[in-house]
Structure formats: C-alpha cells, structure tokens
Amino acid sequence: MTSTNHIRGVDDLGKDGILEILELSNHFLEVSNRRIPKVPALRGKTVASLFFEDSTRTRLSFEKAAKRLSADVMNFSVSSSSVKKGESLRDTIETISSMGAEAIVVRHKSVGVPWIITEWTDASIVNAGDGAHEHPTQSLADCYTITRQLGSVEGKRIVIVGDIKHSRVARSNVKAFSALGAKVALVAPPTLLPSSIDNWPVDVIEDFDVAIKEADVLYLLRMQLERQEESLVPSLREYTNFYGLTLDRSQKLQKSSVIMHPGPMNRGVEITGDVPDLPNALITNQVGNGVIVRMAILYHLLGSGVALSGLHSEGEEDG
Ligand code: NCD
C-alpha cells in the first residue's frame, strides 16, 4: 500500500494507506480492551524515539504503543545526549541505527528532517512533527477518532480554527481529511493563514460564528507562539473574542457535532471555561486513540510476517 516503508507525511500513505491503518486500529482497539493489553507482535524489534522538540502526548503514546506490542524501546533525550556536545544529526542517526533500531520516531524543529534522515539509515522513519510542516500520526489518530464517533470522515464538514499558518497538525489534517472525502473549512485571522493557501482543498470562512453552525467537527488549534517571529494578533484577549471557543459560542454547535483539539490546550485562549469537559469534546478520546493508532502504525511498518489472528496476550490462553 505505501510507496515507502516510512510515514513521513500523509502522502506516504494516501487514501488507501490511511484506510488500512484505520482498519488495523480496530484490531488494536480490541487488544487494548483486553485484561492484559499486550501482544508479542514486535518481540525482538527495536523502536527508537528521538525528540528534538518538546512533547507529552506523542512521545508517551509511541512508547506505550511500542511496549504493548512487546518491542524494545530506546528513548533519546536531547538534553542528556551528545547533541549537547555538538554531535550532528547524521552521526546521531547512524549511532542509533548501529544499535539496531528498526524504526525511528523523530520530532524536529526543522522542516524535512524525516525525509533527510532516510538517506542515513535503513530504519523505517515515522514523523512525529517537523517544524510547521507535517504531523501525520496525529492526523491518523484524529481520523480514527472521527470515524469511531461519527461513523466516517467522508462527507463531514470539518472546521479547523486558529493558528493554521504555524500548525503541522493543520497541514497534515487538511490532507488526510480531504483524502477521506471531508469538506474542510479554515477559520483564522488573515495573519494566521498561510500565504500559499490557494492550492489547498479548503474553504476559508471569515466569521467563526457562521462556520460553527455548519461544523460536524470543530477542530481547535493552539496559538504556536514559539514559531511566531512577530506578534500576529493584537492581543490574546481579542483573539479569544473572535476565535476562542467559549461556552456561549459552543451552544451554536449542532447537537451531534464534536469538538477536537490535538493538545496541548491553552485554556483561556482558544478554548475557555468548561468547554473541554463537555460531553461532545473528544480531546481525551484523541489521546487514547493515539496509542491505538500508533500500535497500528508500528505494526504496519515492522510487523510483516506476524499474523494478527492468533496473537494472544501474555499470560492469557484465549486472548
Ligand atoms: C501538536 C504538535 O506538537 O504539533 N501537539 C501534538 O503533537 N499533539 C500541536 C501543538 O503543539 O499545538
């Protein structure tokens, strides 16, 4: 299905690849619901994670996913590594591959790093975020969350709100959602929209209060202040007035609509008050599904030859 054995961007998968990962995820959902949610699918394989940028959810969920598949996990922390002594990215990658990592999960502030490092290693590369470019595994987790909650992504109106310009989640999600047949709309102040948006398969809606009424999925983004070189909104308070999801504004959503956010949330800015606790907010579901989908991703990349049927949990006869 994939043209390569990497997941660096959504295009490495395409529509069929995304659907295959979602299908596989159903299997790992079943595994995750078992009394012992651990199978020997990747026993003897090694997954290394290299995070050159901060992360909570993505790093921990890859670790959890790899451990549930019985892989060995190598966690690389930049702050305590030889990168601090000036070691290059290439030498770091070659060192990790020499230790036998079959998959490398990488997050880096520079766009394109997951593509460059495939030149230096035979390991499968998984992009856990490269600058403001792509974050394909978040998209897969989001597609799975929408599919579980609303039945499918196809035909849904998905409204993405916030700092689109600096968001790798938005870039990957626009690709993945539209590949699966969703109608994607963006809502943002003009200063937070990318200049190259003309080629994107999206509508731009100026007024959040108009867009919210037609959303099946309202997808909020954090203001990525760490990637902004200048102040792009007059003030955060004004941003919240126009683009924040307040409890009042959330009343305008249709009853069946859902609220999503990839985290970390900046409460009081793009989302306020008790909105994250509303029954139609799927923010914690996205995190839980992230582990399941990442099990499917690692199995897809490293599990060839291991049949899914008959994979029993450790210590259980019938799984
Ligand atoms: C996102 C990221 O790092 O790109 N978070 C995540 O991986 N769940 C979004 C963000 O940082 O705002």
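Residues numbered from 1 in each chain as written. Predicted model: local features only at pLDDT ≥ 70, side-chain atom pairs only at ≥ 80, totals over all residues. Heavy atoms only, no water.

Here we look at helix α6 (residues 168–179)
For α6, built from 12 residues, the straight-helix expectation of 16 Å at 1.5 Å per residue is met to within 8% by its first-to-last C-alpha distance of 17 Å. Within α6, 9 of the 12 residues are buried, leaving the element largely enclosed by the surrounding structure. Every buried residue of α6 is accounted for by Arg168, Val169, Ala170, Arg171, Ser172, Asn173, Val174, Ala176 and Phe177. Between a side-chain oxygen at the N-terminus of α6 and the backbone nitrogen of Val169 the separation is 3.3 Å; the capping residue is Ser167. Taken from the residues just after α6, Gly181 is the one with a positive phi, measuring 90°. (Helix = DSSP H or I, 4+ residues; strand = E, 2+ residues; numbered from the N terminus. Expected span 1.5 Å × (residues − 1). Buried < 20%, exposed > 50% of the residue type's maximum accessible area, 1.4 Å probe, protein only. Polar contact = N/O pair within 3.5 Å; in protein donor to acceptor, adjacent residues only side chain to side chain.)

So, the site of the ligand
The environment of the ligand is made up of Thr58, Arg107, His135, Gln138, Arg168, Val169, Arg222, Gln224, Pro262, Gly263 and Pro264. Note that an oxygen atom of the ligand is positioned 3.0 Å from one of the side-chain N or O atoms of Arg107. Split into classes, the residues belonging to the shell around the ligand amount to 3 nonpolar, 5 polar and 3 charged. There are two domains that each give the shell around the ligand at least three residues, and those are domain 1 (10–135 + 290–310) and domain 2 (136–286). (Near = heavy atom within 4 Å. Nonpolar A, V, L, I, M, F, W, Y, C, P; charged D, E, K, R; others polar. Domains from an automatic or database assignment.)

Observations concerning the packing of aromatic side chains
The way to describe two aromatic rings as a pair is by their centre distance and the angle between their planes. Across all of its chains, the model carries 5 aromatic pairs by this definition. When the centroid spacing of 6.3 Å and the interplanar angle of 65° are considered together, the rings of Phe177 and Tyr219 count as edge-to-face. With a gap of 42 residues between them, Phe177 in helix α6 and Tyr219 in strand β8 (residues 217–220) connect regions that are remote in the sequence. When its relative accessible area of 0% is taken as the criterion, Tyr219 is described as buried. Aromatic rings pair up to connect Tyr239, Phe242 and Tyr243 into one cluster. (Phe/Tyr/Trp six-rings, centres within 6.5 Å; stacked < 30°, edge-to-face > 60°.)

As for the pairing of strand β1 (residues 46–51)
β1 sits mainly inside the fold: 6 of its 6 residues count as buried. The side-chain alternation of β1 yields two buried faces, one formed by Thr46, Ala48 and Leu50 and the other by Val47, Ser49 and Phe51. One ladder, built from 6 bridges, connects β1 with strand β2 (residues 72–77); its direction is parallel. In the strand pairing of β2, Val47 is matched with Val73. The pairing of β1 with strand β3 (residues 103–108) spans 5 bridges and is classified as parallel. Across the sheet, Leu50 pairs through a bridge with Val106, a residue of β3. (Pairing = 2+ DSSP bridges.)

Description of the domain arrangement of the protein
Frequently, the measure chosen for interface size is the accessible area removed from exposure when the parts meet. When cut into domains, the protein gives domain 1 (10–135 + 290–310) and domain 2 (136–286). Placing a centre on the C-alpha atoms of domain 1 and another on those of domain 2 gives a separation of 26 Å. Taken together, the 30 residues of domain 1 in the interface contact 26 residues of domain 2. With both chains or domains summed, domain 1 and domain 2 bury close to 2,300 Å², and 62% of this area falls on carbon and sulfur atoms. With its nearest N and O atoms 2.9 Å apart, the salt bridge here joins Glu53 to Arg168. Connecting domain 1 to domain 2 are 15 residue pairs in polar contact (both at pLDDT 80 or more). Of all the secondary-structure elements, those providing two or more residues to the side of domain 1 that touches domain 2 are α1 (14–32), α2 (57–68), β3, β4 (124–130) and α10 (283–302). With 8 residues, α1 is the single largest residue contributor to the side of domain 1 that touches domain 2. The class makeup of the residues in the side of domain 1 that touches domain 2 is 13 nonpolar, 9 polar and 8 charged. (Contact = heavy atoms within 4.5 Å. Buried area = accessible area lost by both parts, 1.4 Å probe. Salt bridge = Lys/Arg side-chain N within 4 Å of Asp/Glu carboxyl O.)

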